[in-house]
Every structure is written in C-alpha cells, then in structure tokens.
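# Inside the fold
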Amino acid sequence: MNHIILIGFPGSGKSALGVVLSHKLNLPFVDTDLFISQKVGCSIPEIFKTEGENAFRLKEKEALVEILKKEPHVIATGGGMPCFFSNMELMKKAGITIYLKAEPEQLTEWLLKSSGNRPLTAHKNREELSVFVDNLLKQRAPYYEQASLFLPAHGASVDVLAVTLKEELDRLKLKGDILTD
Ligand code: S3P
C-alpha cells in the first residue's frame, strides 16, 4: 500500500504541503487530527482537556490503523504520531514517510505565530516555547529520522517533490514487481 505520509514537528507545514501534494499526485488527502476530531465530535484541544493526552494517543493510533487500511492517501500526521506505540513502524510499512525537517529556532518562530490551537504549545512565551521545542525535538528526532525521505519544512518545492515521489513510487512498484515475479 503506497500512502504518502508526512511527519514532523508541529508547525512544520505537513497539512499545507499535504493538500498541495494530494492535488499534484491525484490522491485523496487526510489530516489525522481532523479525522480524529470529526470522529469524536470535538476538537483536539478539547480531547486533551477532557480525556487527557493518553486517551488522545490511543485515538490517534486507532485513526492511523483505520486510515492505513484505505486506498493510497496523502496523509498529514499529528506531530506526535510517529513517537507513540509502533506507529512509525506501521507507517513505514504502509508507504513513503517524509520528514519535514527544521531547526528548533525556526520551529519556535512558526509556533509562536500559530500555537493557539495546539494544546502542547499554547500559553507559552517565547523563552518557554524555545526550551520546550528544543527538548521535545531532541526526544522526537530519533523517530522522525526513520523516515524514508527528508525535506526542508516550508521549503520544499511541491513540483520538485511531486516528481521525486513519482520516481520513488515507480521504483517501489518496480521492486514489488521483481519480488512477486
Ligand atoms: C501534537 C501535534 C498536533 C496534534 C496534537 C499533539 C504533538 O498536531 O496532533 O496537538 O504531540 O506534537 P500538529 O503537528 O498538526 O500540530
């Protein structure tokens, strides 16, 4: 199953890139956070507030399993998705994982502009956010770095990316054909 799966720290532009990529590659798009909140009937911050992070992580895993069973999609994942349970392993088996990579300083700046709707980063000033991003990125990098492709966050040319992905998909298909022959 060849899903195109975007992973990376919050604020790295997974959803924005995912929408454009899905048009380019003519594949349906799904954002795991949106999928969960539509299913549960409330927003991600509400789930964190009423049920806690552990409950959210379980819902996130269930959503991933359900989405990966579908026909190939471009999938934008929540920033913590690869770092819990065996999610990263599942994603690697199900398609091409792409890590949108950025330096902590840059992520802090992006998050300062948009952290209101993110329960983990809301209500932090620049200094607190900077320490938080630095620490969390250190913990998460070993998961993110298992991705099959790395791209600069917010810097990837979608046209170039679409061509690279098509080549990668063709290569994988070819490998599949050889293996099944
Ligand atoms: C989270 C990132 C969020 C969302 C939730 C937890 C995280 O998604 O899944 O708030 O643990 O990094 P984005 O990466 O789209 O902000």
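For the structure itself, look to the data block above.
Residues numbered from 1 in each chain as written. Predicted model: local features only at pLDDT ≥ 70, side-chain atom pairs only at ≥ 80, totals over all residues. Heavy atoms only, no water.

Turning to the site of the ligand, a few remarks are in order. As a matter of local geometry, the ligand sits amid 15 residues, with K14, R57, G79, R118 and R140 nearest to it. One of the side-chain N or O atoms of R118 is found 2.6 Å from an oxygen atom in the ligand. R140 is positioned with one of its side-chain polar atoms (N or O) 2.7 Å from an oxygen atom of the ligand. For the ligand, whose free accessible area comes to 390 Å², the fraction covered by protein is 93%. Going through the elements one at a time, α3 (44-51) and α4 (53-68) are the ones with two or more residues in the shell around the ligand. By residue number, the principal contributor to the shell around the ligand is α4, which donates 3 residues. The residue makeup of the shell around the ligand, split by class, is 6 nonpolar, 3 polar and 6 charged. (Near = heavy atom within 4 Å. Polar contact = N/O pair within 3.5 Å; in protein donor to acceptor, adjacent residues only side chain to side chain. Areas by Shrake-Rupley, 256 points an atom, 1.4 Å probe, with all protein chains shown as cover. Helix = DSSP H or I, 4+ residues; strand = E, 2+ residues; numbered from the N terminus. Nonpolar A, V, L, I, M, F, W, Y, C, P; charged D, E, K, R; others polar.)

Strand order across the open sheet formed by 5 strands is β2-β3-β1-β4-β5, with parallel pairing between neighbours. Bordering the open sheet on either side are β2 (29-31) and β5 (149-152), each of which pairs with just one other strand. When the angles between neighbouring strand axes are averaged without regard to direction, this sheet yields 25°. In terms of strand pairing, strand β1 (residues 3-7) meets strand β4 (residues 95-101) through 5 bridges, oriented parallel. What sits directly across from H3, in β4, is G95. Together, β1, β2, β3 (74-76) and β4 form the strand contacts of helix α1 (residues 14-25), whose direction differs from that of β1 by roughly 160°. (Pairing = 2+ DSSP bridges. Axes fitted to C-alpha atoms, helices over the stretch in contact; angles between N-to-C directions. Contact = heavy atoms within 4.5 Å.)

One non-glycine residue, N26, adopts positive backbone phi at about 60°. Within the element layout of this structure, N26 appears in the loop between α1 and β2. Under the relative-accessibility criterion, N26 is labelled exposed at 68%. The residue F85 is not glycine, and still its phi comes out positive at about 50°. Along the chain, the position of F85 falls in the loop between β3 and α5 (87-94). (Buried < 20%, exposed > 50% of the residue type's maximum accessible area, 1.4 Å probe, protein only.)

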